[in-house]
Amino acid sequence: MIRIIIQYSVLKTLIIVFVLLVLSNQNNDMLYGNETGKNLNETSEDAINIIFTGEENGYLEPCGCSEKELGGLSKRHSLINLLREKDANWILLSLGDIPGKVGRQDEIKMETALKALGRMGYAAHNIGEKDISMGLDLLGYLSQISSVDFVSSNIVNPGPQILRIKPYIVKEIKIKGATRKVGILGIVSPELIDNGYQKIEVVDPIESLEPLISKLIDKTDLLILLSHAEIGDSIKIAENYPEFDLIISGHGIDEPGLHIAKVKDTYVIPVGEKGKYLGTITMQPEFSRTDEDRPSTNSNLPSVEIISLDERFGDSTEIKMLLKIYQQRLRDEELLTQVFKTELPSNLSFIGNDDCAACHNKIFKHWKETGHASAYETLVKAEHEYDPECIECHVIGLNYFTGFETIESTPELKGVGCESCHGPGSAHKETQSKDYGKIDAVDCTTCHENEHSPSFEFNEYWQQIIHPLEEK
Ligand code: HEC
Ligand code: HEC
Ligand code: HEC
Ligand code: HEC
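Please read all numbers here as calculations on a predicted model, not as lab measurements.

Draft legend 1. Structural view of the overall build of the chain. The secondary structure content of the chain amounts to 17 helices and 15 strands. Classification of the 472 residues of the chain by burial places 51% in the buried group. Taking as baseline every contact in the chain between residues at least 6 positions apart, the subset at least 24 positions apart corresponds to 70%. Accessible surface, the chain: about 22,300 Å² in total, of which carbon and sulfur atoms supply 51%.

This is the structure we're talking about:
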């Protein structure tokens, strides 16, 4: 049997390197290319190489709001191409959960991302609960058109003509002239499914896996489970089924390198969230499960590497093009006009910066020179000005009635304006009340939150844009 034995020392070094990388954000070369960049430097033709990613959760690319952002499909593709230069033998696996939330934008996202996975040559996409939440119609349609196999061992298939989904796949790899077979299964934890809402039935993975493992154990040399479940549940599966050599797991784990678990001979390895990391596993299987003379202990030492997708990797033009088409579709479908809006309290409305300028001219002139005033133009430059997910923080009041709708209908509300911070000003314009627009540091963090503004610190930031004193 081919076992995955990760050399503990290697693993530890990787994890330590990983921690250093996260903490210091320096010495990036260490993980990639130099000392521990095993896969990139030493990948050979006699190995089974696996790439795993997943849990994109709606995150197709970094927004560019800060410099510290990791991930994105386009960088991922560049890294995969680099890995392929060393060896063509990569099996690419996706754990599941492409969309972030339910809605038209994430439907388009899911289609875009699956197309990208297809271009990158993914073998399998396991179905996660967020994929399921998009509904049977979309999932069925995508399963029919996608070049990536949809895999799930515990979804009760409503019919292959509706959902083209496989309980497992077997990939064949040629190693030193011999064929090695890798069985790939996938589950989604029933506990993650919003019961009664979707027409898709999900059953207990422990039960559904048993007959499949019995069927595959003698026909494959390696068994891998894509486990879309809490890490604890994945560990439970590992305890029940030592037949798995490797379980790729997920859920709620931000930094995957810190959570690798070993259950007897099975490794349970998380992928991390939002596609910020790409995991690789390399194994040198010398013996087939069916070889008579295979040793009882295994001397093959696979290595695991978690690579953070940072600025070392360029953008793949092919994926960039797909993402451009994605933006075009957001524009064509006018998604900005379909944003869910909330009522403002007591008939207030947004009036735009020009009205404020009449009475607070000095503040207005100063504001004009800040980045807030040109936040919309930033999106135009980035070609994301039709993307509701970006517009939200780069204009006034997108999520409210009377707030920003489109650049044609509400040009006066573009940018982070006075009312983005002080609130709707219609009543104040009449009353000129001193009570209007009291704000504090917390109000900044609706936009300057950790993801988009990791260095935010109120005093330091406010000093950069503090209003000049108004003449009375
Ligand atoms: C949650 C609010 C939020 C969302 C959503 C958001 N941004 Fe931003 N963006 C910010 C903030 C805050 C900054 C300033 C960060 C800082 O300087 O610390 C910023 C800065 C930027 C910058 C850098 C501007 C500069 O001149 O340095 C770019 C580019 C940008 N955003 C693009 C985008 C794009 C593209 C999207 C959508 C994919 C997006 N933003 C979504 C809040 C947001
Ligand atoms: C017609 C003139 C006028 C217009 C238009 C106007 N303001 Fe005022 N604003 C005033 C006056 C007068 C005060 C009270 C100043 C005082 O008593 O110190 C005031 C007070 C304020 C305060 C509270 C100041 C404090 O002491 O805490 C804020 C904030 C403010 N205005 C923001 C705005 C914004 C934002 C707009 C546009 C949406 C706006 N104002 C439009 C005249 C105006
Ligand atoms: C509605 C969302 C939003 C709110 C609220 C917000 N910001 Fe920003 N902020 C942004 C965006 C978006 C940018 C990036 C603008 C750009 O360059 O395109 C930004 C940029 C900045 C910058 C860099 C400005 C420059 O000139 O380069 C500072 C400083 C800043 N914000 C401070 C604050 C402070 C302090 C608060 C609260 C008092 C605040 N912001 C509230 C969205 C917001
Ligand atoms: C990034 C958020 C932000 C934006 C944008 C913003 N302000 Fe303010 N404003 C503040 C903060 C923070 C204070 C200080 C509040 C405090 O000290 O209690 C303030 C204070 C004020 C005051 C009270 C007088 C003062 O200087 O303390 C007025 C008037 C005012 N703002 C008007 C405006 C006008 C007019 C605009 C648009 C041209 C605007 N603000 C844009 C955050 C903002």
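From this point, the discussion proceeds with the structure in view.
Draft legend 2. Geometry of the site of ligand 2. Around ligand 2 there are 17 residues in total, and C356, C359, H360, H428 and K438 lie nearest to it. Within the side chain of H360, one N or O atom sits 2.8 Å away from a nitrogen atom of ligand 2. A distance of 2.6 Å separates an oxygen atom of ligand 2 from a polar side-chain atom of K438. Listing elements by their share of the shell around ligand 2, those giving two or more residues are helix 10 (353-359), helix 14 (418-422) and helix 15 (426-431). Looking at the shell around ligand 2 residue by residue, the class counts come to five nonpolar, six polar and six charged.

Draft legend 3. A look at helix 7 (residues 205-216). Its twelve residues place the ends of helix 7 16 Å apart at the C-alpha level, agreeing with the 16 Å of an ideal helix rising 1.5 Å per residue. Taken together, the buried positions of helix 7 are P205, S208, L209, L212, I213 and L216. One side of helix 7 carries all its buried residues, which in axial view fall inside an arc of 130°. Where helix 7 is buried, its residues contact strand 7 (168-175), strand 8 (178-188), strand 10 (222-228) and helix 8 (231-240). The opening residue of helix 7 is D204, an N-cap whose side-chain oxygen sits 3.2 Å from the backbone nitrogen of I206.

Draft legend 4. Structural context of the sheet that holds strand 1 (residues 48-53). Here seven strands make up an open sheet; going across it, the order is 6-4-3-2-1-14-15 and the pairing mixed. Each edge of the sheet is formed by a strand with only one pairing partner; in this case those strands are strand 6 (165-166) and strand 15 (303-308). For strand 1 and strand 2 (residues 90-94), the ladder comprises five bridges, and the chain directions are parallel. Note that in strand 2 the partner of N49 across the bridge is W90.

Draft legend 5. Highlighting the site of ligand 3. Around ligand 3, a shell composed of 19 residues is seen, among which H372, T378, C444, C447 and H448 lie nearest. Within the backbone of G371, an N or O atom sits 2.8 Å from an oxygen atom of ligand 3. Residue H372 places a side-chain N or O atom 2.7 Å away from a nitrogen atom belonging to ligand 3. Secondary structure elements with two or more residues in the shell around ligand 3: helix 12 (375-381), helix 13 (388-394), helix 14, helix 16 (441-444) and helix 17 (458-465). With five residues, helix 17 is the single largest residue contributor to the shell around ligand 3. Of the residues belonging to the shell around ligand 3, the class tally is ten nonpolar, eight polar and one charged.

Draft legend 6. Structural context of the coordination of the iron atom of ligand 3. Each protein donor to the iron atom of ligand 3 is listed here as H372 (NE2) and H448 (NE2); together their distances run 2.0 Å. One can describe the donor arrangement at the iron atom of ligand 3 as octahedral, given that its six donor atoms subtend angles of 86 to 179° at the metal. Of this pair, H372 sits in the loop between helix 11 (361-368) and helix 12 while H448 sits in the loop between helix 16 and helix 17, and the two are 76 residues apart along the sequence. When its relative accessible area of 22% is taken as the criterion, H372 is described as partly exposed. Since its relative accessible area comes to 22%, H448 is described here as partly exposed.

Draft legend 7. Structural context of unusual backbone geometry. Positioned with a positive phi, D97 is a non-glycine residue whose angle comes to about 75°. Locating D97 in the fold gives a position in the loop between strand 2 and helix 4 (104-120).

Draft legend 8. Representation of the packing of aromatic side chains within the structure. In the structure shown here, the tally under the stated rule is six aromatic pairs. Ring centres of Y241 and F244 lie 6.5 Å apart, and the angle between their planes is 90°; on these two criteria the pair is classed as edge-to-face. Note on F244: relative accessible area 1%, which makes it buried.

Draft legend 9. Up close: the pattern of salt bridges. Applying the stated criterion across every chain, the model contains 16 salt bridges. Between K109 and E389 there is a salt bridge, and its shortest N-O distance comes to 2.9 Å. One end of the pair, K109, is in helix 4; the other, E389, is in helix 13, and 280 residues separate them in sequence. For K320, the salt bridge identified is with D315, shortest N-O distance 4.0 Å. Judged by its relative accessible area of 37%, K320 is partly exposed. Here the salt bridges share partners, and the residues they tie into one network are K101, D106, K109 and E389.

Draft legend 10. Up close: the coordination of the iron atom of ligand 1. Coordination sphere of the iron atom of ligand 1, protein contribution only: C65 (SG) and H394 (NE2), at 2.2 to 2.3 Å. Owing to a relative accessible area of 36%, C65 belongs among the partly exposed residues under this scheme. Overall, the relative accessible area of 17% leaves H394 in the buried class.

Draft legend 11. The arrangement of the pairing of strand 13 (residues 266-270) in detail. When you tally the buried positions in strand 13, you get five out of five residues, the bulk of the element. Along strand 13, one buried face is formed by T266, V268 and P270 and the opposite face, lined by Y267 and I269, is buried too. Bridging between strand 11 (residues 246-249) and strand 13 involves four bridges; their strand directions are parallel. What sits directly across from I247, in strand 13, is V268. In this structure, strand 12 (residues 261-263) lies alongside strand 13, joined through three bridges in antiparallel fashion. Residue pairing in the sheet places V263 in a bridge with T266 of strand 13. In sequence, strand 12 turns back onto strand 13 through a hairpin of two residues, with K264 there showing a positive phi of about 50°.

Here is what the cut-offs are and how they apply
Residues numbered from 1 in each chain as written. Chains lettered and ligands numbered in written order. Predicted model: local features only at pLDDT ≥ 70, side-chain atom pairs only at ≥ 80, totals over all residues. Heavy atoms only, no water. Helix = DSSP H or I, 4+ residues; strand = E, 2+ residues; numbered from the N terminus. Buried < 20%, exposed > 50% of the residue type's maximum accessible area, 1.4 Å probe, protein only. Contact = heavy atoms within 4.5 Å. Areas by Shrake-Rupley, 256 points an atom, 1.4 Å probe, with all protein chains shown as cover. Near = heavy atom within 4 Å. Polar contact = N/O pair within 3.5 Å; in protein donor to acceptor, adjacent residues only side chain to side chain. Nonpolar A, V, L, I, M, F, W, Y, C, P; charged D, E, K, R; others polar. Expected span 1.5 Å × (residues − 1). Arc of directions from axis to C-beta. Pairing = 2+ DSSP bridges. Donors = N, O, S within 2.8 Å, 3.2 Å for Na, K, Ca; no water. Tetrahedral: all angles 85-135°; square planar, octahedral: opposite > 155°, others 65-115°. Phe/Tyr/Trp six-rings, centres within 6.5 Å; stacked < 30°, edge-to-face > 60°. Salt bridge = Lys/Arg side-chain N within 4 Å of Asp/Glu carboxyl O.

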